[in-house]
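Chain and residue survey
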Amino acid sequence: MGWSLRTIADLSDAEFLQWAKLLEERAGIQLSLNQKSLLQSQLSIRMRELGYDSYAEYYSLVTDGLQGRLEWSILIDRVAVKETSFFRHRASFEFVRRYLQDKINNQQLTSSFDAWSVGCSTGEEPYSLAMVINDCFELAQLEPYYGVTALDISSTALAKGRLGRFMPRSIEQMTAEESKRYCQLGHDGTYEVVRKIRDRVCFTYGNVLQINDMPAVQMDVIFCQNLLVYFRRWLRRDILNSLVDRLKPGGTLVIGIGEVVDWEHPKLKRIANEEVQAYVRQ
Ligand SMILES: C[S@@+](CC[C@H](N)C(=O)[O-])C[C@H]1O[C@@H](n2cnc3c(N)ncnc32)[C@H](O)[C@@H]1O
């Protein structure tokens with residue numbers, strides 16, 4: 001089957017619910033009925049590429065065996081919202097800076113400093129974290145091992161992240177000094193993150209719903225912003241509870257403000273700062 005110009009019928013409400021259920025079961029992403037036209041346009045673009053004109057047939061393809069797995073990874077790329085930028089929520093990054101500076105000043109560093117960007121999209125968030133961590137260690141003239149693990153379900157987003165080249169719009173929230181220190185302007189007008197920062201970030205494919213099956217690493221910083229908002233409330237709490245198990249004692253969890261309300265955890269203390277929603281493991 002090849003690319004086709006055939007008209008694809010509108011997605012019925014019943015079909016929408018079937019696709020929405022699949023997306024929620026597999027990726028946690030919750031779609032409401034008013035996102036039907038968005039889903040329809042993404043499905044129909046992909047179906048045209050493959051020459052399908054029936055949502056049911058395409059659904060069978062996506063849910064069928066090994067080929068279905070491959071097709072699913074393409075579809076989730078198209079459907080997931082990947083909006084991001086460097087230093088998107090500046091106050092959260094400044095919180096990480098103060099947190100690490102305190103650790104350095106109080107000589108509380110362990111052998112390595114490990115951060116995790118969960119739902120990292122195209123890399124702006126994990127690179128921003130690496131820049132903040134690098135700033136702190138350079139200022140203190142320390143050279144410990146540090147690294148940022150960047151996790152996402154979208155393989156095209158991860159591939160862009162690994163490339164480390166960004167449009168001027170993505171770096172708008174960087175200060176002039178940050179962009180001078182950490183980005184090189186290329187001939188094509190894009191900005192490339194400098195190698196010493198790129199080398200610190202490891203991009204990994206993964207589904208946050210399967211967090212408990214991932215290697216049991218312990219992190220100093222877990223940064224999870226603008227991901228949980230797409231999930232049901234009970235699922236947000238379940239994921240956060242699993243993230244807490246991945247924090248080193250004294251480690252910090254930083255989420256987007258208001259992304260989770262009425263959640264607390266016996267091992268965590270909330271930071272008293274209205275500009276951020278951050279917790280420290282006791
Ligand atoms: C809106 S972006 C947020 C990017 C970044 N954290 C920020 O705040 O700028 C959400 C990201 O979460 C990813 N995502 C969605 N569902 C996911 C899942 N189940 N597991 C891992 N990543 C997921 C999407 O692919 C997307 O890149």
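Source: prediction; values computed, not measured.

1. Re the sheet that holds strand S9 (residues 268–270)
- With mixed pairing, the 7 strands of this open sheet are ordered in space as S6-S2-S1-S7-S8-S10-S9. A strand with exactly one partner marks an edge of an open sheet, and here the two such strands are strand S6 (201–205) and S9. Along the sheet, successive strands turn relative to each other by an average axial angle of 20°, direction set aside.
- One ladder, built from 5 bridges, connects strand S7 (residues 219–224) with strand S8 (residues 247–255); its direction is parallel. Bridged to cysteine 224 within S8 is isoleucine 255.
- Packed on one face of the sheet, helix H6 (residues 124–139) meets strand S1 (112–118), strand S2 (145–152), S6 and S7 and runs near 170° to S2.
- In the packing of helix H10 (residues 233–244) onto the sheet, contacts are made with S1, S7, S8, S9 and strand S10 (277–281), and the angle to S8 comes to roughly 145°.

2. Notes on the packing of helix H1 (residues 13–27) against helix H2 (residues 36–50)
- Direction vectors running N to C along H1 and H2 enclose 80°, while the axes themselves pass 11 Å from each other. Regarding the angle of H1 to H2, the classification is roughly perpendicular. Between H1 and H2, the contacting residues are Asp13, Phe16, Trp19 and Leu23 on the first element and Lys36, Leu39 and Leu43 on the second.
- The residue inventory of the contact of H1 with H2, partitioned by class, reads 5 nonpolar, no polar and 2 charged.

3. Some points on the domain arrangement of the chain
- In terms of domains, the chain is made up of domain 1 (13–79) and domain 2 (90–166 + 194–281).
- Using C-alpha coordinates to define each centre, domain 1 is positioned 30 Å away from domain 2.
- Tallying the contact residues gives 9 residues for domain 1 and 10 residues for domain 2.
- Of the roughly 880 Å² buried where domain 1 meets domain 2, counting both sides, 45% is carbon and sulfur surface.
- Residue glutamate 24 is joined to arginine 232 by a salt bridge in which the shortest nitrogen-to-oxygen separation is 2.5 Å.
- Where domain 1 packs against domain 2, one counts 6 residue pairs in polar contact (both at pLDDT 80 or more).

4. As for empty space enclosed by the protein
- With the rule as written, the count across this model stands at 1 cavity of 30 Å³ or more.
- Roughly 40 Å³ of internal volume is contained in the largest cavity.
- Lining the largest cavity are Leu31, Gln35, Leu38, Leu39, Gln42 and Val79.
- Broken down by element, the lining of the largest cavity gets its largest block of residues, 3 residues, from H2.

5. Here we look at the sheet that holds strand S4 (residues 183–185)
- Within the open sheet, the 3 strands sit side by side as S3-S5-S4. Their pairing is antiparallel. If you trace the sheet from one side to the other, it starts and ends with strand S3 (165–166) and S4, each paired once.

6. Topic: the packing of aromatic side chains
- Tallied over the entire structure, the rule returns 12 aromatic pairs.
- With a centroid separation of 4.9 Å and 85° between ring planes, the pair formed by phenylalanine 86 and phenylalanine 166 is classed as edge-to-face. Of the two residues, phenylalanine 86 sits in the loop between helix H4 (65–79) and helix H5 (90–105) while phenylalanine 166 sits in strand S3, which places them 80 residues apart along the sequence.
- For phenylalanine 86, a relative accessible area of 0% corresponds to the buried category.
- Classification of phenylalanine 166 as buried rests on a relative accessible area of 4%.
- The ring of tryptophan 72 has arginine 26 sitting right over it, with the charged end atom 5.0 Å from the ring centre.
- The positively charged end of arginine 90 is found above the aromatic ring belonging to phenylalanine 87, 4.1 Å away from the centroid.

7. Some points on the layout of surface pockets
- What the largest pocket holds in volume is close to 540 Å³.
- Composition of the lining of the largest pocket by domain shows at least three residues from each of domain 1 (13–79) and domain 2 (90–166 + 194–281).
- Approximately 370 Å³ is the volume attributed to the second largest pocket.
- Around the second largest pocket sit 13 residues that line it, and Thr122, Glu124, Lys160, Arg169 and Ser170 are the ones nearest its centre.
- Sorting the residues of the lining of the second largest pocket by element identifies helix H7 (155–163) and S3 as the ones contributing at least two each.
- Of the residues assigned to the lining of the second largest pocket, the class counts are 3 nonpolar, 4 polar and 6 charged.

The rules we used
- Residues numbered from 1 in each chain as written.
- Predicted model: local features only at pLDDT ≥ 70, side-chain atom pairs only at ≥ 80, totals over all residues.
- Heavy atoms only, no water.
- Pairing = 2+ DSSP bridges.
- Helix = DSSP H or I, 4+ residues; strand = E, 2+ residues; numbered from the N terminus.
- Axes fitted to C-alpha atoms, helices over the stretch in contact; angles between N-to-C directions.
- Contact = heavy atoms within 4.5 Å.
- Parallel < 35°, antiparallel > 145°, perpendicular 65-115°, else oblique.
- Nonpolar A, V, L, I, M, F, W, Y, C, P; charged D, E, K, R; others polar.
- Domains from an automatic or database assignment.
- Buried area = accessible area lost by both parts, 1.4 Å probe.
- Salt bridge = Lys/Arg side-chain N within 4 Å of Asp/Glu carboxyl O.
- Polar contact = N/O pair within 3.5 Å; in protein donor to acceptor, adjacent residues only side chain to side chain.
- 1 Å grid on protein atoms, 1.4 Å probe; cavity = no way out; pocket = protein on both sides within 12 Å on 5 of 7 lines; lining within 4 Å.
- Points joined across faces, edges and corners; volume = space filled by probe spheres on them.
- Phe/Tyr/Trp six-rings, centres within 6.5 Å; stacked < 30°, edge-to-face > 60°.
- Buried < 20%, exposed > 50% of the residue type's maximum accessible area, 1.4 Å probe, protein only.
- Lys NZ or Arg CZ within 6 Å of the ring centre and 35° of its normal.

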